[in-house]
Amino acid sequence: MDFSDLYSARILEIAGNATPMPRLAAPQGTARKVSRVCGSVVEVDLALEDGAVSAYGADINACALGQTSAAIVANHILGSTPDELRALRETMTAMLKSGGPPPNGKWDDLKYLEPVRGYPARHASTLLVFDAVAEALEKAGA
């Protein structure tokens, strides 16, 4: 596997077309995660209503892999439950670290990150947004 497998056209397309998600003025939970390996930084804000994410904001300063993960999360996080998001984090971690299957359903685009499995140094940046969302949920008491 070479880097052209890792940075596929689809990965670059998702990262390049990410919808800006302005930070929230009054989030219920906020978290900032930094990859010590590459210096990527992900900051997220979220609010919950009726047991699901009702508002989301993020500041992403990451490599293409981190941007791709963050873009997919931003596209699908609204309406997601804390349990669903924690399970998603576990699925992504298992996909990269122990050969588990990629997420499916509305999270299907995360399958494009499966080649990252072969590059352990890239796992942290790919997982940053999931770790940040999990911490923000915890801070929100969810």
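Remember, it's a predicted structure, so these values are computed and weren't measured experimentally.

Draft legend 1. Spotlight on the packing of helix α3 (residues 64-76) against helix α5 (residues 123-139). The geometry of α3 relative to α5 is characterised by a closest axis approach of 6 Å and an angle of 40 degrees between their N-to-C directions. The crossing of α3 and α5 is right-handed. Facing Leu65, Gly66, Ser69, Ala70 and Val73 of α3, the residues of α5 in contact are Ser125, Thr126, Val129, Phe130 and Val133.

Draft legend 2. Fine view of the sheet that holds strand β1 (residues 29-34). Taken together, the 3 strands give an open sheet; going across it, the order is β1-β2-β3, and neighbouring strands pair in antiparallel fashion. The open sheet is flanked by β1 and β3 (52-61), the only strands paired with a single partner. Looking at each pair of strands side by side, their axes are set apart by 15 degrees on average, direction ignored. Pairing between strand β2 (residues 41-49) and β3: 9 bridges, direction antiparallel. Considered in β3, the bridge of Asp45 is made with Gly57.

Draft legend 3. A look at the pattern of salt bridges. Tallied over the entire structure, the rule returns 12 salt bridges. Here Lys33 and Glu135 are joined by a salt bridge, their closest N and O atoms 2.8 Å apart. Residue Lys33 is located in strand β1, and its partner Glu135 is located in helix α5; the two are separated by 102 residues in the primary sequence. Exposure remark for Glu135: the relative accessible area of 23% places this residue in the partly exposed category. Residue Glu114 pairs with Arg117 through a salt bridge whose shortest N-O separation is 3.1 Å. Since its relative accessible area comes to 27%, Glu114 is described here as partly exposed. By relative accessible area, Arg117 is classed as partly exposed at 29%.

Draft legend 4. Just the nonpolar core, in detail. Ranked by internal contacts, the top residues of the largest apolar core, which has 37 residues, are Val44, Tyr56, Val129 and Val133. At 8 residues, the largest contribution of residues to this core is made by α5. Here Val44 is in contact with Gly29, Thr30, Ala31, Tyr56, Gly57, Ala58, Val129, Ala132, Val133 and Ala136, once residues within four sequence places are set aside.

Draft legend 5. Broad picture of the environment of Pro103. Within the secondary structure, Pro103 sits in the loop between α4 (82-98) and α5. Along the backbone, Pro103 and Ala31 are 72 residues apart, and their C-alpha atoms lie at a distance of 23 Å. Apart from residues lying up to four places away in sequence, Pro103 is in contact with Leu88, Thr91, Met92, Met95, Asp108 and Leu110.

Draft legend 6. Here's a closer look at the pairing of β1. In the sheet, β1 pairs with β2 via 6 bridges, with the strands oriented antiparallel. Looking at β2, one finds that Val34 is bridged to Val41. Counted along the chain from β1 to the antiparallel partner β2, the turn is 6 residues long, and its residue Gly39 has a positive phi close to 85 degrees.

Conventions adopted
Residues numbered from 1 in each chain as written. Predicted model: local features only at pLDDT ≥ 70, side-chain atom pairs only at ≥ 80, totals over all residues. Heavy atoms only, no water. Axes fitted to C-alpha atoms, helices over the stretch in contact; angles between N-to-C directions. Helix = DSSP H or I, 4+ residues; strand = E, 2+ residues; numbered from the N terminus. Left-handed = near helix turned anticlockwise from the far one by under 90°. Contact = heavy atoms within 4.5 Å. Pairing = 2+ DSSP bridges. Salt bridge = Lys/Arg side-chain N within 4 Å of Asp/Glu carboxyl O. Buried < 20%, exposed > 50% of the residue type's maximum accessible area, 1.4 Å probe, protein only. Core = buried A, V, L, I, M, F, W, Y, C linked by side-chain atoms within 4.5 Å.

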